[in-house]
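Overview (structure and organization)
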Amino acid sequence: MAESEKLTEAEEILDESKKMQDDDSAKKIRDVIFVGLKPIMTYVTATLTQLSNQSVVTIKARGQRITQAVDVSQMIVKRMNTVGYYIKDVRIASDSLQSQDGKTRNVSTIEIDVSK
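Residues numbered from 1 in each chain as written. Predicted model: local features only at pLDDT ≥ 70, side-chain atom pairs only at ≥ 80, totals over all residues. Heavy atoms only, no water.

1. Digging into the nonpolar core
In this structure, I59, A69, I76 and V114 are the most contacted members of the largest nonpolar core, which totals 16 residues. For this core, the secondary-structure elements that each account for two or more residues are α2 (40–53), β2 (56–62), α3 (66–79) and β4 (104–115). Ignoring anything within four residues of it in the chain, the contact list for A69 reads V35, I59, A61, I110 and I112. (Core = buried A, V, L, I, M, F, W, Y, C linked by side-chain atoms within 4.5 Å. Buried < 20%, exposed > 50% of the residue type's maximum accessible area, 1.4 Å probe, protein only. Helix = DSSP H or I, 4+ residues; strand = E, 2+ residues; numbered from the N terminus. Contact = heavy atoms within 4.5 Å.)

2. Looking at the packing of α2 against α3
Packing of α2 against α3 brings their axes to within 9 Å, and their N-to-C directions diverge by 55 degrees. When the axis of α2 is compared with that of α3, the two are oblique. Like other packed secondary-structure pairs, α2 and α3 cross with a definite hand, here right-handed. Across from I40, M41, Y43, V44, T47, L48 and L51 in α2, the residues of α3 making contact are Q68, D71, V72, M75 and I76. Looking at the contact of α2 with α3 residue by residue, the classes come out as nine nonpolar, two polar and one charged. (Axes fitted to C-alpha atoms, helices over the stretch in contact; angles between N-to-C directions. Parallel < 35°, antiparallel > 145°, perpendicular 65-115°, else oblique. Left-handed = near helix turned anticlockwise from the far one by under 90°. Nonpolar A, V, L, I, M, F, W, Y, C, P; charged D, E, K, R; others polar.)

3. Description of the side chain of D113
Turning to its location among the elements, D113 is positioned in strand β4. A polar atom in the side chain of D113 sits 2.6 Å from the side chain of T58. Among all residues touching D113, those that are not within four sequence positions of it are V56, V57, T58, Y86, I87, K88, D89 and R91. (Polar contact = N/O pair within 3.5 Å; in protein donor to acceptor, adjacent residues only side chain to side chain.)

4. Remarks on the sheet that holds strand β3 (residues 86–98)
Pairing is mixed in the open sheet, where four strands are placed in the order β1-β2-β4-β3. Two strands in the sheet have a free side with no partner beyond their single neighbour: β1 (32–34) and β3. Taking each pair of neighbouring strands and ignoring which way they run, the sheet shows an average axis angle of 20 degrees. For β1 and β2, the ladder comprises three bridges, and the chain directions are parallel. In the strand pairing of β2, I33 is matched with I59. Contacts from α2 reach β1, β2 and β4 within the one sheet, and its direction differs from that of β1 by about 175 degrees. (Pairing = 2+ DSSP bridges.)

Structural data, given as structure tokens:
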């Protein structure tokens, strides 16, 4: 085998492993529900849909939407208690964001892991 053939074969292997990593990161993104401006039931439905395929789904929110994220998780756990969903983990943190007037502000964030 010539050296140029070995090089192209190695490049193909690198490309394939890169695609697999991209697929893995895409799968990790899909099991996260970001809470925003939509009605609460939209996020409840999205979370339940993901829970039918995934064992753990993370509900994320920041700022004023934290209460809505907590409401979503509680609707799933309390109203669907016959299915057996429970809150596996809760993580809180704060992010530094640049506001429109140029100042740096801290914004609280929450991540709630719901599991079967």
